[in-house]
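# Secondary and tertiary structure notes
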2 protein chains.
Amino acid sequence: MRIGDLADKSGLSTDTLRYYEKIGLIPRPLRDAGGRRVYDRTILRWIEFLDRLKATGMGIRDRLRYAELRTLGSSSLADRRSMLETHRDKVAEDIVRLTETLHVLDDKVDLYRRMEAGETVDPAFESCARTEHAAPPNREKSPHDRRTGARPRADNEA
Amino acid sequence: MRIGDLADKSGLSTDTLRYYEKIGLIPRPLRDAGGRRVYDRTILRWIEFLDRLKATGMGIRDRLRYAELRTLGSSSLADRRSMLETHRDKVAEDIVRLTETLHVLDDKVDLYRRMEAGETVDPAFESCARTEHAAPPNREKSPHDRRTGARPRADNEA
DNA sequence: GCTTGACCTGGAGTGCACTCCAGCCCGTAA
DNA sequence: TTACGGGCTGGAGTGCACTCCAGGTCAAGC
């Protein structure tokens, strides 16, 4: 399989494949007589997994580190497992956050729909209903640490 | 509230706040006699919502567009709702994808743990068990479109 | 009055993750 | 044999999203 075929099958561009090779994310393939890259079909599994790590927010540094460990073979199993466990936890957190936001969005869409219909909005949502320059709600918000991801329950800024 | 306080409360740096203002993500605040920015507490709700959009993958372009619509007041309600609905669907898709990956990671961690224990791996997982340069599995993979996000079921590249 | 710390502006610099390009080579089909 | 498509390399360019900095102003406390 040549680079163009791999590009088709993996969904990455040939440029990206060469770039990944350059930085060490994917192993250097064999070359044919003409100096062109020849790929083994197994590379697809690896690329797909990399893609999955990327799509779930693992940065290139960590992907690189993982790729590096992978080349070390079974001696790096524990380290790789540890990386995956860490990432797994991050993914689980992201799912929580996304789910939370899904609800916020649904609520907001709902609110907008009612406002579009000219409906009077429930007083409980008054601060949401005022659109652009709502009066400050009488409620103090404590500073929260961005690192921990701990933050007060979302409210609708309308 | 001055910019430093807002930075503390929002979790953004003063630089980022000024940057957001420059590009139009947050409205220009009033200034005090000394020319310093003075923020209304309501800005926090807006920043928090922006942060939520960002954390769920909405790019700066769209956040900008949304911010722009917001300044137009209630006449832009339908457009804003439409944007949120679109984003909502994207978030829902992401949740599916993340959940899928969570399982893949769990499986992989499990596999590694068993491999570390020197356990013989179930023949059904043989292609996973071969670590670095597994023989190609006898199974053709069709090229898939990256745009649609449609992709064949993940398998473990081990 | 002086120091200190927060704030101001404009602009340069950073890191990520590609993406594009010029100028070249190679193999095959017409 | 020549045209063409695909591939090669090294390096420049892009877009996002900040982040940092120099060189200045301003207000409050000692």
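Bear in mind that the values here come from a model prediction, so they are computed numbers and not experimental data.

### Side note on the overall build of chain A
What chain A contains, in helices and strands, is 6 helices and 2 strands. Going from N to C terminus, chain A has its helices and strands arranged as α-α-β-β-α-α-α-α. Of the contacts made within chain A by residues no fewer than 6 positions apart, 48% connect residues no fewer than 24 positions apart. When the accessible surface of chain A is summed, it comes to about 8,600 Å², and 49% of that surface belongs to carbon and sulfur atoms.

### Considerations on helix α3 (residues 43-55) of chain B
Residue and element names in this part refer to chain B. A rise of 1.5 Å per residue sets the reference length of α3, with its 13 residues, at 18 Å; its end C-alpha atoms lie 18 Å apart and thus fit the reference within 8%. Counting buried positions along α3 gives 11 out of 13 residues, so the element sits mostly inside the fold. At the exit of α3 stands glycine 57, carrying a positive phi of roughly 90 degrees.

### Focus on the packing of aromatic side chains
Under the defined criterion, the tally for this structure stands at 6 aromatic pairs over all chains. Note on tyrosine 19 of chain B and tyrosine 20 of chain B: the rings are 5.9 Å apart at their centroids and 45 degrees apart in plane angle, and the pair reads as tilted. We classify tyrosine 20 of chain B as buried; its relative accessible area is 8%. Grouped by ring-pair contacts, the aromatic residues Trp46, Phe49 and Tyr66 of chain A constitute a single cluster. Geometry around phenylalanine 49 of chain B places lysine 108 of chain A over its ring, the cationic atom sitting 4.2 Å from the centre. The ring of tryptophan 46 of chain B carries arginine 70 of chain B above its face, with NZ or CZ at 3.9 Å from the centroid.

### What to know about the protein's contact with DNA strand C
In the vicinity of DNA strand C lie 18 residues, with Tyr20, Ile60 and Arg61 of chain A together with Arg18 and Arg37 of chain B positioned nearest. In the interface set of DNA strand C, defined as its atoms within 4 Å of the protein, sugar plus phosphate atoms amount to 80%. In this structure, arginine 63 of chain A approaches DNA strand C through a side-chain N or O atom, which is 3.3 Å from a phosphate oxygen. At 3.0 Å, a backbone N or O of glycine 4 of chain B approaches a phosphate oxygen of DNA strand C.

### Describing the environment of threonine 101 of chain B
Here threonine 101 of chain B shows up in helix α5 (residues 77-116). Contact partners of threonine 101 of chain B, with chain neighbours within four places excluded, come to Arg52 and Thr56 of chain A.

### Digging into the protein's contact with DNA strand D
Near DNA strand D you find 19 residues, and of these Arg18 and Arg37 of chain A together with Tyr20, Ile60 and Arg61 of chain B are the closest. Of everything in DNA strand D that lies within 4 Å of the protein, sugar and phosphate atoms constitute 82%. Between DNA strand D and the protein, one listed contact pairs a phosphate oxygen with a side-chain N or O atom of lysine 54 of chain B at 2.9 Å. Elements supplying a minimum of two residues to the surface near DNA strand D: α1 (3-10) of chain A together with α2 (14-23) and α4 (60-71) of chain B. Ranked by the residues each element gives to the surface near DNA strand D, the list is headed by α2 of chain B, at 4 residues. Grouping the amino acids of the surface near DNA strand D by side-chain chemistry returns 4 nonpolar, 5 polar and 10 charged.

### Notes on the pattern of salt bridges
Inspection of every chain in the model, using the stated rule, returns 24 salt bridges over all chains. Where arginine 114 of chain A meets aspartate 110 of chain A, a salt bridge forms, and the shortest distance between an N and an O atom there is 3.8 Å. Here arginine 114 of chain A pairs with aspartate 110 of chain A, and both are found in helix α5 (residues 77-116), just 4 residues apart, close to one helical turn. Three or more residues are tied together by salt bridges with common partners; here these are Arg81 and Glu85 of chain A together with Arg113 and Glu116 of chain B.

### Some thoughts on the confidence of the model for chain A
All names here are of chain A. This prediction gives chain A a mean pLDDT of 80; 75% of its residues lie at or above 70. Mean pLDDT across the elements of chain A ranges from a minimum in helix α6 (residues 126-129), with 36, to a maximum in strand β2 (residues 37-38), with 97. Counting contacts from residues 123-155, a segment whose pLDDT is below 50, to residues more than four positions away or on other chains yields 59 contacts.

### Comments concerning the packing of helix α3 (residues 43-55) of chain A against α5 of chain B
Contact pair α3 of chain A / α5 of chain B: the axes reach a minimum separation of 10 Å and the direction vectors enclose 125 degrees. As far as their axial angle goes, α5 of chain B and α3 of chain A are oblique. At the point where α3 of chain A passes α5 of chain B, the crossing takes the left-handed sense. Packed against α3 of chain A, whose contacting residues are Phe49, Asp51, Arg52, Leu53 and Ala55 of chain A, the element α5 of chain B presents Arg97, Leu98, Glu100, Thr101, Val104, Leu105 and Lys108 of chain B at the interface. Considering only residue class, the contact of α3 of chain A with α5 of chain B consists of 6 nonpolar, 1 polar and 5 charged.

### Focus: the packing of α1 of chain A against α3 of chain A
Residues and elements named next belong to chain A. Where α1 contacts α3, the two axes come as close as 11 Å, and the packing angle between them is 45 degrees. Relative to α3, the element α1 is oriented oblique. In the crossing of α1 with α3, the sense of the turn from one axis to the other is right-handed. Listed contacts from α3 to Leu6, Lys9 and Ser10 of α1 are Ile43, Leu44 and Ile47. In terms of residue class, the contact of α1 with α3 is made up of 4 nonpolar, 1 polar and 1 charged.

Cut-offs applied
- Residues numbered from 1 in each chain as written.
- Chains lettered and ligands numbered in written order.
- Predicted model: local features only at pLDDT ≥ 70, side-chain atom pairs only at ≥ 80, totals over all residues.
- Heavy atoms only, no water.
- Helix = DSSP H or I, 4+ residues; strand = E, 2+ residues; numbered from the N terminus.
- Contact = heavy atoms within 4.5 Å.
- Areas by Shrake-Rupley, 256 points an atom, 1.4 Å probe, with all protein chains shown as cover.
- Expected span 1.5 Å × (residues − 1).
- Buried < 20%, exposed > 50% of the residue type's maximum accessible area, 1.4 Å probe, protein only.
- Phe/Tyr/Trp six-rings, centres within 6.5 Å; stacked < 30°, edge-to-face > 60°.
- Lys NZ or Arg CZ within 6 Å of the ring centre and 35° of its normal.
- Near = heavy atom within 4 Å.
- Polar contact = N/O pair within 3.5 Å; in protein donor to acceptor, adjacent residues only side chain to side chain.
- Nonpolar A, V, L, I, M, F, W, Y, C, P; charged D, E, K, R; others polar.
- Salt bridge = Lys/Arg side-chain N within 4 Å of Asp/Glu carboxyl O.
- pLDDT = per-residue confidence, 0-100.
- Axes fitted to C-alpha atoms, helices over the stretch in contact; angles between N-to-C directions.
- Parallel < 35°, antiparallel > 145°, perpendicular 65-115°, else oblique.
- Left-handed = near helix turned anticlockwise from the far one by under 90°.

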